[in-house]
Every structure is written in structure tokens, then in C-alpha cells.
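# A closer look at the structure
Listed here are the chains, written in short residue letters.
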Amino acid sequence: MTKHTYIPRTTNYTLNPGDELNDLRMSDQVRPLYDHVRKFIRDTVEPMSIEFAKAGEGKEDRWSFTPKQLEVLEKAKNKAKQEGLWNFFLPDDDTGQGLKNLDYAYIAVELGKSPLASETMNCSAPDTGNMEVLERVGTKEQKEKWLKPLLNGEIRSAYVMTEPNVASSDAKNISTTAKLVGDEWVINGEKYYISGLGDPRCKILIVMVKTNPDAAPSKQQSQILVPRDTPGVEVLGPMYVFGQDHAPRGHMHMRFNNVRVPKENMLLGEGRGFEISQLRLGPGRIHHCMRTIGKAEKALDLMVQRGLTREAFGKKIAHLGGNMQIIAQARCEIEAMRLMVLKAAKAMDVLGNKEARVWVSMVKAMVPERACKIIDQAIQMHGATGISHWTPLAEMYQDVRHLRFADGPDEVHWMVVGRHELSMA
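Calculation criteria
- Residues numbered from 1 in each chain as written.
- Predicted model: local features only at pLDDT ≥ 70, side-chain atom pairs only at ≥ 80, totals over all residues.
- Heavy atoms only, no water.
- Helix = DSSP H or I, 4+ residues; strand = E, 2+ residues; numbered from the N terminus.
- Polar contact = N/O pair within 3.5 Å; in protein donor to acceptor, adjacent residues only side chain to side chain.
- Contact = heavy atoms within 4.5 Å.
- UniProt positions renumbered as here; feature names shortened; annotations may be inferred.
- Phe/Tyr/Trp six-rings, centres within 6.5 Å; stacked < 30°, edge-to-face > 60°.
- Buried < 20%, exposed > 50% of the residue type's maximum accessible area, 1.4 Å probe, protein only.
- Salt bridge = Lys/Arg side-chain N within 4 Å of Asp/Glu carboxyl O.
- Core = buried A, V, L, I, M, F, W, Y, C linked by side-chain atoms within 4.5 Å.

This paragraph deals with the side chain of Arg156. Here Arg156 shows up in strand β1 (residues 156-160). A distance of 2.3 Å separates a polar atom in the side chain of Arg156 from a polar atom in the side chain of Asp127. Dropping the residues within four chain positions of it, Arg156 is found in contact with Glu119, Ser124, Ala125, Pro126, Asp127, Leu150, Asp199, Arg201, Cys202, Lys203, Ile204 and Arg249.

Cross-referencing UniProt, the feature "domain: Acyl-CoA oxidase/dehydrogenase middle" (unreviewed entry) maps to residues 158-258 in the present numbering. A distance of 19 Å separates the end C-alpha atoms of residues 158-258, which is 0% helix and 50% strand.

Attention shifts here to the environment of Ala171. Mapping Ala171 onto the fold places it in the loop between β1 and β2 (177-181). Ignoring anything within four residues of it in the chain, the contact list for Ala171 reads Met161, Gln221 and Phe274.

Here we take up the packing of aromatic side chains. Using the criterion set out here, one finds three aromatic pairs in the structure. Ring centres of Phe52 and Phe65 lie 6.1 Å apart, and the angle between their planes is 50°; this geometry places the pair in the tilted category. With a gap of 13 residues between them, Phe52 in helix α1 (residues 31-55) and Phe65 in the loop between α1 and α2 (67-82) connect regions that are remote in the sequence. Look at Phe52 and you get buried, because its relative accessible area is 10%.

Positionally, Gln82 belongs in helix α2. Taking relative accessible area as the criterion, Gln82 reaches 68% and is therefore assigned exposed. As a C-alpha pair, Gln82 and Ile327 span 245 residues in sequence and 40 Å in three-dimensional space.

Our focus in this paragraph is the pattern of salt bridges. Tallied over the full model, the rule gives 34 salt bridges. When the shortest N-O distance is used, the salt bridge between Arg38 and Glu110 registers 3.6 Å. A residue pair is termed long-range when its members are at least 10 positions apart, and Arg38 in helix α1 and Glu110 in helix α3 (residues 101-111) qualify at 72 residues. Residue Glu110 is classed as buried on the basis of its relative accessible area of 10%.

What follows concerns the nonpolar core. By size, the foremost hydrophobic cluster in this structure holds 94 residues, and its most contacted members are Phe88, Tyr104, Ile107, Leu111 and Met121. The leading source of residues in this core is helix α9 (residues 357-382), at 14 residues. Excluding residues within four positions of it along the chain, Tyr104 makes contact with Phe88, Phe89, Leu99, Leu111, Cys123, His287, Met290 and Arg291. Of all hydrophobic cores here, the second largest spans 20 residues; its members include Ala158, Ala178, Ile187 and Phe256.

Encoded structure:
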């Protein structure tokens, strides 16, 4: 028998006590802000959310907000702005809080526990990613017209990429075209699951298009600013998520019918769509993961509360069958996810978004999948109530399950991680 000699590979995951990537502490100067956010969510956002929901009851147009809803929301937003709780996600100290990704990770977990917390503090997707793109690559005119009102929380936006007729998880397949005719780009194509487009406050779209099919594969795509009210922008209707239309924000099915925008609406330059996507999706994807951990934590809280307040067969539900182990494993999973996301956030701070891509893919593949399992177990422990409107669990499950497509399917992220692992062989 031939003796096999094991030679360990050299990888960049080796635990090094002196490696900066392993210092996952929140910076001391941000801790007061973190405490302030938690207090603001408890004292302002949660009561406002109840008032907001009541103000929308019985409205005739599902695709609108009542004046009272906007009033209570704007009041909370103004209070957040006055207290300095605004635009956490932006690393630029002039337009945001100047937070590191690691520091924002801790705050975003808290935002994920309350559905209206992110919007109240102007940290909602897809606006966060769109603002970051405009801040980094927008012209002076583009920033004045679109970034400024977004930063002020005066309008909403949408990111338009996914298409129904191609496998658009591979962005090279994008088929919506933009052709330069004179001084205008003429856009034609069909898109779907465009989140936030149903919101009446949505005023600007960032659209991924194909501008040069003859260029190298990574240079064929571009991203263009399209005002929502441009002639030819046609909203066909909402796409449903597990039977819900998520009105009034929605995830819309739409078409571009000879939509004309000035050539100055091109972002960064023709053929640089992939470059913008990496700039945008790195932070955006990890923000989703941070907020998802907050949802998983909330699901575990509800699971424990339910398990200790209901009895069956002479025992608390928490002590029946394997429920004790399910609760324990949920805690372990949440702590594992938390450490992974903090590590990915730190990698972005230390290595930069591009070099940290493998870390981002790891958490993007792992976190929604595991959080879905925890929410599903919380639903099960609630019985039929868990799938009803009496708890937030069904809506939380829908939201987290759709993330396994929204920022790229799991399989793409696993491919990125696996390809990186094989490259070190």
C-alpha cells in the first residue's frame, strides 16, 4: 500500500491571533450611537409602527399611503434626523455617519428587528445601495438631482436588473438594451421583481442594460438613471411573494418601451455596469445579512416566549419532544452567523469590497438559509398561529426566503466560495 503524505494547503483562513481581521469589536466611539439606536427603536419606532399600521386600515387604494401614515412616518423620520440617527450605511463622513462596515453591522442587526426602523433612519434597501452608487460614481449634476433628495429621505428609488426571460443571476445574460440615438439612450426590455417600484414615492431607477453586445463579456453592460415618470416606463403589475403583493411598495413586473433618457444619465461610463454592480452589491448584500440576523434573533425570542407560555400533554411546549434542542441550536446558529457577518464586515474594512468578495459570498449563502430554518422552527412552535397574521413570523419567513434569490441565488455564492477554495490548491 502506498503511504499518503498529507501536505496542508496554505489558505488565508488560518487563525492568526495577530490578524486584524480577527478583531471584531465595535469601536468605542460608536458604542453611544449603537445604544442610542436601540433606545430610539424601542421608544419611537415601535410605537410609530403600530400607529402607522392602524392609519392604513381600510384604505381604498392598496398602492398608496394614507396622509396619516405619511404624517406619522415623517414625524419619526424628522425626529431621527434631529437626533443624528440618519444614513448610517454611508462610509462618507460628510453624507453619512462615517461608520466602518464592522460598526454598522452591529447597528443593522438592531434595525432588522423592526420593519420600519431602517426607513425611519433612511437606511432602507434598495435606497442604500443606490445612494452609495450615486455618491461614489455620480456626476455633480446627478448627485444634485437624485442623491440629495435620497439622502434627505424625500424620495425613494429602485434598482432594476432581474429579467423574466433569461437566467439573470448571470448578469452577462441581461437582454434589456440601450442604444445611443443622437444624444439619447433608447431603452427596450422587460424586467421583474423590481423591489420598491410600486411605492408612490419612487422617483428614480438605476437600470442595468446591455449597450454593446460585441464587447468583451464583462464590458457589455451599463447602468443608466431613468426617472420613474419617463414616457415608455410601463409597470405591468406586482409580482407576488408566497401569495403576497407587498403593497404599496411591491416587487413589480415592468417594461421599457422605447424609453429615452439623455446620454448624460449614464453612470460612470458605457460598459462599466459590472464594475458598478460589485461596488453596489458588496455592501448591500452584507447589510441584508446583518438585518437578517436581527430577524433570526426576533424569531428565537418569539419561539422562547411561546414555548414557555403554552402547555400540552402536561408540559411547557419548550420541554416537549426536541424543542429544547431546537432552541439551543437556534442560539448556536445565530452566534455563528453573527461572527461570520462581523468577520465579513471587517474584511470589507481591511481588504476592500473586491478582495472581501469571498467573505461576502460566504455569509450571503449561509445566513438567509440558516435564518429561514430558525424562523420556520418558530412558526412550528406557534402552531397554526405561526402562519397567521397574529405574529410577524410568516412575513419574516417570506422576506428572508426571498433573499436567497434577491441578492443572487445561493448557488452563485457557493460557487464563488468553492472556486476560491480550489484556487488555493
